[in-house]
Amino acid sequence: MEIRLAGITQESIADGPGLRLVIFTQGCPHNCPGCHNPDTHDINGGYVTDVEGLYQYIEKITVRNKLLRGVTFSGGEPFLQAKPLALLAKKLRSLGLDIVAYSGFTFEQLAAMALKRKSISALLEQTELLIDGQYKAAERDLGLAFRGSRNQRLVDVQATIAVGRVVIWEDLAQKRWA
Ligand code: SF4
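Below, the structure is looked at part by part. Nothing here was measured: the structure is a model prediction, and the numbers come from that model.

1. Let's talk about the overall build of the chain
Here is step 1: Counting secondary structure elements, the chain contains seven helices and seven strands.
Here is step 2: Beginning at the N terminus, the succession of helices and strands in the chain can be written as β-β-β-α-β-α-β-α-α-β-β-α-α-α.
Here is step 3: In terms of C-alpha radius of gyration, the chain reaches 15 Å, essentially the compact-globule figure of 16 Å for 178 residues.
Here is step 4: When the backbone C-alpha atoms are referred to their principal axes, the chain occupies close to 40 × 40 × 35 Å.
Here is step 5: Looking at the chain as a whole, 49% of its 178 residues qualify as buried.
Here is step 6: Put simply, 66% of the contacts in the chain that link residues at least 6 apart link residues at least 24 apart.
Here is step 7: A total of about 8900 Å² of accessible surface is found on the chain, and carbon and sulfur atoms cover 53% of it.

Rendered as structure tokens:
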């Protein structure tokens with residue numbers, strides 16, 4: 001299955017808990033003023049690769065880098081490509097990696113979209129932490145963990161699905177991620 005990417009960073013400590021590999025997907029409809037990744041907006045930009053090859057690439061990295069905790073899907077808007085990312089996430093979790101996803105959509109918007117697109121619920125089901133909402137320059141705060149503006153939330157996706165309301169990661173799930 002094909003996926004369109006903007007790039008990959010092999011090691012980051014700024015895009016979720018612990019040391020993470022970051023996949024930047026290509027294509028974003030949000031046009032947030034002040035976006036730091038404008039090159040990722042064009043849905044025809046970047047380059048196309050396939051999920052199996054991407055998985056094998058990451059698997060090799062996990063063999064030589066035991067400190068890698070997980071993989072982050074950033075962008076761009078990852079949920080534009082929910083189907084290949086859900087497939088990739090499932091395979092990566094079988095390696096013991098956890099999944100963080102960014103989205104310019106809120107969790108509630110994604111949940112509504114998931115009613116018509118099964119791939120969105122499939123990706124949410126494979127995601128531990130969702131950093132949701134558009135970047136808002138007026139709410140910019142450099143002191144926030146893993147995000148740029150105060151409106152963006154750290155959503156514990158598995159707890160949220162389990163209880164049926166948005167559960168903020170900092171409140172309940174910190175112990176699991178410590
Ligand atoms: S959602 Fe992210 S990549 Fe898309 S415009 Fe907003 S800040 Fe940029």
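2. Some remarks on helix α1 (residues 51–64)
Here is step 1: In a regular helix each residue adds 1.5 Å, so 14 residues correspond to 20 Å; α1 covers 21 Å between its end C-alpha atoms and thus fits that length.
Here is step 2: All buried positions along α1 are accounted for by Val51, Leu54, Tyr55, Ile58, Ile61 and Thr62. Looking straight down α1, one finds that the buried residues subtend no more than 125° of arc, so they occupy a single side. Seen from the open side of α1, the exposed residues pointing more than 90 degrees away from its buried face are Lys60, Val63 and Arg64.
Here is step 3: Packing partners of the buried residues in α1 comprise β1 (2–12), β2 (19–25), β3 (47–50), β4 (68–74) and α2 (82–93).

3. Quick look at the pairing of β4
Here is step 1: Of all seven residues in β4, six are buried, a share of seventy percent or more.
Here is step 2: Here β2 runs beside β4; their pairing, made up of six bridges, is parallel. Following the sheet pairing, phenylalanine 24 is matched in β4 by serine 74.
Here is step 3: Pairing geometry for β4 and strand β5 (residues 98–103), over four bridges, is parallel.

4. Observations concerning the site of the ligand
Here is step 1: In the neighbourhood of the ligand, the contacting residues comprise Cys28, His30, Asn31, Cys32, Cys35, His41, Gly76, Gly104 and Tyr135.
Here is step 2: Residues belonging to the shell around the ligand are distributed by class as follows: four nonpolar, five polar and no charged.

Quick notes on the rules
- Sequence order sets the numbering: in each chain, residues are counted from 1 along the sequence as written.
- Since the coordinates come from a predicted model, pLDDT governs what is reported: local features require at least 70, and pairs of side-chain atoms require 80 or more to be given and counted, while whole-chain, interface and lining totals use all residues.
- Where side-chain values are given, they derive from all heavy atoms of the structure, hydrogens and water being excluded.
- Secondary structure counts use DSSP, requiring at least four H or I residues in a row for a helix and at least two E residues in a row for a strand, with both numbered from the N terminus.
- Radius of gyration: C-alpha atoms only; globule rule: 2.2 Å multiplied by the number of residues to the exponent 0.38.
- With a 1.4 Å probe rolled over the protein chains alone, any residue whose accessible area is under 20% of its type maximum counts as buried; one over 50% counts as exposed, and the rest are partly exposed.
- Any two residues whose heavy atoms approach within 4.5 Å are treated as being in contact.
- All accessible areas in this document rest on Shrake-Rupley with a 1.4 Å probe, and a residue is counted as covered only by the protein chains that are shown.
- In a helix, the anticipated span is given by 1.5 Å times the number of residues less one.
- Read the arc as the range of directions from the helix axis to the C-beta atoms.
- In this analysis, strands are considered paired if DSSP registers two or more bridges between them.
- Whether a residue is near a molecule or strand depends on its heavy atoms: it is near if one of them lies within 4 Å of it.
- The classification used treats Ala, Val, Leu, Ile, Met, Phe, Trp, Tyr, Cys and Pro as nonpolar, Asp, Glu, Lys and Arg as charged, and all other residues, Gly among them, as polar.

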